[in-house]
Amino acid sequence: MRLSKLFTKTLREAPADEASKNAQFLIRGGFISKVMAGVYEYMPLGWRVLDKINNIIREEMNAVGGQELFMSVFQNKDIWSATERWDGAKEVMYQFKDSSGKELGLGFTHEEPLTAAAQHFISSYKDLPKAVYQIQTKFRREERAKSGLLRGREFLMKDLYSFHADQEDLDRYYEEVAVAYDKIFKRVGVKALRTSASGGLFSKYSDEFQVLADVGEDLIYVCSECGYAENKEIHAEGGSKCPKCGHGFTEEKSIEVGNIFKLGTKFSSALGLDFTDEAGAKKPVIMASYGIGPGRLMATAVEVSNDERGIIWPETIAPYRVHLVLLDEQGARSKEQEVANKIYEDLSKKGIDVLYDDRQDKTAGEKFADADLLGCPVRLVVSKRTLEKDQVEIKMRNKKEVAFASLKDLLSQLP
Ligand code: ATP
Ligand code: MG
């Protein structure tokens, strides 16, 4: 992509009411655009990052047998009444009447509608286990929507739901998904701690995946010896010593990027999702749900990987791998431009994503500032000075040193 053609431009300043680094850098970089508190639009650069995150999530969900589907955002009151959650959901769910007077809600989670849909397809032990997921927009009445993409009122969620015949099978699959979650966060480039939490409807515990960060709204307790982590609720119940090894805890601020829950039969019993077991007995299906916030994850990557000049994207989710800067004092048809054009074409042909700063109306200082703000892993510079030695300058966004490669060796020397 040529920067001269990109839909967005970098901005000098982010809105005054945006305090978080992710909002500041993502808005200034033109990754996202703010609509209102807690509501953001993904611009082309941001959409590329999000798409990479979503694809990593998809690959790992598919690898544990998850089948992707897409549910509706409108949800019927009836199914929420059946699980006795409609009234309680008011605080978080946008609920309203349509023109015929029928009450509806905008989905903030999908246990009810998915359980209702599964009734058409699950009736026997032979139909189990099953797992389906979606990456879809959720709406929530979030009162503290002040941290950019970390807490949206309209936001994306990956939600996986699994259906099982017995507890043993659910326990097995739950662990499989926990491992898949570890892989996802590692691939995205953030260090997430599996953290014991309360709130499982079925078992005493659920698990959260927490990334240490000062901007985080959660408090977790991490064992300084074995790495075991637990959230505030569990910590209040337990003692001040790690239950695994007896060592002390340190208190840390963190961001919850995902969580996994055993739901048991709460939804299946209420909505009549039964199956017939091998002996012919009718039983409610046992369920679990597993969430990740892709937008929150993108914001988390920014929060944990930046410097005063901008974002330092992990390689796997960077909008472009290479940021190619052309510095040509003579303007159009300079040798520098000819060489940079050729590099852009050659790298693109090799399938390497390149953001090419070919703009004619920007100074070197402005171009370097934008490269740092946008945060692509590799910066290449072609200038009169580098061409004197038939070279290209190479600098990694996360390092200080600058290196040079000869034009003919560039491809093989590209980090
Ligand atoms: P929190 O305690 O931070 O409000 P939650 O417990 O309500 O999170 P879940 O309902 O389990 O979160 O949602 C699953 C995942 O969706 C979370 O782990 C998080 O990554 C993401 N998520 C939840 N709420 C938001 C939000 N308002 N904006 C962006 N992502 C969110
Ligand atoms: Mg919440």
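For the protein chain, the name recorded in an unreviewed UniProt entry is Proline--tRNA ligase, with Candidatus Yanofskybacteria bacterium GW2011_GWA2_44_9 as its organism. Under the UniProt heading Catalytic activity (unreviewed entry), the entry covering the protein chain gives this text: "tRNA(Pro) + L-proline + ATP = L-prolyl-tRNA(Pro) + AMP + diphosphate".

1. Digging into empty space enclosed by the protein
One water molecule sets the probe size; rolling that probe over the atoms shows where empty space is left. With the rule as written, the count across this model stands at two cavities of 30 Å³ or more. Counted as a void, the largest cavity has a volume near 100 Å³. With three residues, the top contributor of residues to the lining of the largest cavity is strand 13 (residues 249-264). Reported here for the second largest cavity is a volume of approximately 50 Å³. The set of elements that each furnish at least two residues to the lining of the second largest cavity consists of helix 11 (364-374) and strand 22 (391-396).

2. Notes on the site of ligand 1
Close to ligand 1 lie 15 residues, the nearest being Arg140, Gly152, Glu256, Asn259 and Arg296. One nitrogen or oxygen atom from the side chain of Asn259 is found 2.7 Å from an oxygen atom belonging to ligand 1. Contact between ligand 1 and Gly293: an oxygen atom at 3.0 Å from a main-chain N or O atom of the residue. When ligand 1 is considered free in solution it has 580 Å² of accessible area, and contact with the protein chains removes 83% of it. Here ligand 1 occupies the largest pocket. Those elements giving two or more residues to the shell around ligand 1 turn out to be strand 8 (154-164) and strand 13. Top contributing element to the shell around ligand 1 by residue count: strand 13, with four residues.

3. Re the packing of aromatic side chains
Enumeration over the complete set of coordinates arrives at eleven aromatic pairs. When the centroid spacing of 5.9 Å and the interplanar angle of 90° are considered together, the rings of Tyr181 and Phe185 count as edge-to-face. On the criterion of helical spacing, the pair formed by Tyr181 and Phe185 is a turn pair, its members being four residues apart in helix 6 (residues 167-188). An aromatic cluster of three or more residues is present, and its members are Tyr173, Tyr174 and Tyr290. Its guanidinium or amino end placed over the ring of Tyr174, Lys262 lies 4.5 Å from that ring's centre, counting from NZ or CZ. In this structure, Lys266 packs its charged tip against the face of Phe267, placed 5.9 Å from the ring centre.

4. A short note on the side chain of Asp169
Within the element layout of this structure, Asp169 appears in helix 6. Residues in contact with Asp169, not counting those within four places in the same chain, are Pro129 and His164.

5. Side note on the nonpolar core
Formed by 60 residues in total, the largest nonpolar core has its most connected members in Tyr181, Phe185 and Trp313. Once you skip the residues sitting within four places of it in the chain, Trp313 turns out to touch Leu26, Phe31, Val49, Met298, Ala301, Val302, Ala318, Pro319, Leu374, Gly375, Cys376 and Pro377. Formed by 21 residues, the second largest nonpolar core is a distinct cluster that contains Leu347, Tyr356, Val378 and Val392.

6. Some points on unusual backbone geometry
With omega at 0°, the peptide bond leading from Leu128 into Pro129 counts as cis. Phi is positive for Glu84, close to 55°, though the residue is something other than glycine. Looking at where Glu84 falls in the secondary structure, it is placed in the loop between helix 3 (77-82) and helix 4 (86-89). The phi angle at Asp390 is positive, at roughly 55°, despite the residue not being glycine. Relative to the helices and strands, Asp390 is located in the loop between helix 12 (384-388) and strand 22.

Each value, and the rule that gives it
- Residues numbered from 1 in each chain as written.
- Chains lettered and ligands numbered in written order.
- Predicted model: local features only at pLDDT ≥ 70, side-chain atom pairs only at ≥ 80, totals over all residues.
- Heavy atoms only, no water.
- UniProt positions renumbered as here; feature names shortened; annotations may be inferred.
- 1 Å grid on protein atoms, 1.4 Å probe; cavity = no way out; pocket = protein on both sides within 12 Å on 5 of 7 lines; lining within 4 Å.
- Points joined across faces, edges and corners; volume = space filled by probe spheres on them.
- Helix = DSSP H or I, 4+ residues; strand = E, 2+ residues; numbered from the N terminus.
- Near = heavy atom within 4 Å.
- Polar contact = N/O pair within 3.5 Å; in protein donor to acceptor, adjacent residues only side chain to side chain.
- Areas by Shrake-Rupley, 256 points an atom, 1.4 Å probe, with all protein chains shown as cover.
- Sits in = over half its atoms within 2 Å of the grid points.
- Phe/Tyr/Trp six-rings, centres within 6.5 Å; stacked < 30°, edge-to-face > 60°.
- Lys NZ or Arg CZ within 6 Å of the ring centre and 35° of its normal.
- Contact = heavy atoms within 4.5 Å.
- Core = buried A, V, L, I, M, F, W, Y, C linked by side-chain atoms within 4.5 Å.
- Buried < 20%, exposed > 50% of the residue type's maximum accessible area, 1.4 Å probe, protein only.

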